[in-house]
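# Residue-level structural notes
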Amino acid sequence: MIRIGFGWDSHRLEEKRPLILGGVAIPYQRGLAGHSDADVLVHAIIDALLGSLALGNIGQHFPDTSPQYKDADSVQLLRDTMAMVREAGYVLSNLDATVVAEAPKLNPHLEAMRENLARPLGVHVEDISIKAKTGERVGPEGRGEAISAHAAVLVRRQDE
Ligand code: MG
């Protein structure tokens, strides 16, 4: 038994915030605004995982009104999400994600993101694809106002 999941997220770029993508701190003069560490890539992955098992969305499990999740490490939320996936009897087969950002250049950081996410996701690096695109200078990403991320996952029953 296999199931598919899809997730999308977007966060505004702001001064005086760190830029964390895929759990990797990326040197840049601005970062993503949010209640947690605002790791838009990990948030999209979490929504894809939850969606694959019809378990709702990230806001239902990790509400941004809760002080518990203020400046939360999103990779920890990903670990908690994978615990729910395993509890439901499933494991991740593979992940394919795209981050849309006009700047900074993300290609030099994609390998670090894949390596960083392999363990929490319980898969090999080869099972994780992370791609980067610019917004071609149009839309909120293209104007440098926001960074967004899209993620698709395939999960399979653990006993198969
Ligand atoms: Mg988010």
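Residues numbered from 1 in each chain as written. Predicted model: local features only at pLDDT ≥ 70, side-chain atom pairs only at ≥ 80, totals over all residues. Heavy atoms only, no water.

### Description of the coordination of the magnesium ion
Only Asp-9 (OD), His-11 (NE2) and His-43 (ND1) from the protein reach the magnesium ion as donors, at distances of 2.0 to 2.2 Å. Judged by its relative accessible area of 14%, His-11 falls in the buried class. (Donors = N, O, S within 2.8 Å, 3.2 Å for Na, K, Ca; no water. Buried < 20%, exposed > 50% of the residue type's maximum accessible area, 1.4 Å probe, protein only.)

### Some remarks on the pattern of salt bridges
Scanning all chains against the criterion turns up six salt bridges. Note that Glu-14 and Arg-12 form a salt bridge whose closest N and O atoms lie 2.8 Å from each other. Taking the shortest distance from any N to any O, the salt bridge between Asp-71 and Arg-17 comes out at 3.7 Å. Of this pair, Asp-71 sits in the loop between helix H2 (58-61) and helix H3 (74-87) while Arg-17 sits in the loop between strand E1 (2-15) and strand E2 (19-21); the two residues are 54 residues apart in sequence, bridging distant segments of the chain. On the basis of relative accessibility, which here comes to 48%, the residue Asp-71 falls in the partly exposed class. By relative accessible area, which is 19% here, Arg-17 ends up buried. The network of salt bridges with common partners includes Arg-17, Lys-70 and Asp-71. (Salt bridge = Lys/Arg side-chain N within 4 Å of Asp/Glu carboxyl O. Helix = DSSP H or I, 4+ residues; strand = E, 2+ residues; numbered from the N terminus.)

### Quick notes on the layout of surface pockets
To find leftover empty space, a probe the size of one water molecule is rolled over the atoms. Its boundaries defined by the atoms lining it, the largest pocket holds a volume of some 250 Å³. As for the largest pocket, its lining consists of 13 residues, of which Ser-36, His-43, Ile-58, Phe-62 and Asp-64 are closest to the centre. Of all elements in the fold, only E1 and H2 reach the threshold of two or more residues within the lining of the largest pocket. Residues that form the lining of the largest pocket fall into these classes: five nonpolar, six polar and two charged. (1 Å grid on protein atoms, 1.4 Å probe; cavity = no way out; pocket = protein on both sides within 12 Å on 5 of 7 lines; lining within 4 Å. Points joined across faces, edges and corners; volume = space filled by probe spheres on them. Nonpolar A, V, L, I, M, F, W, Y, C, P; charged D, E, K, R; others polar.)

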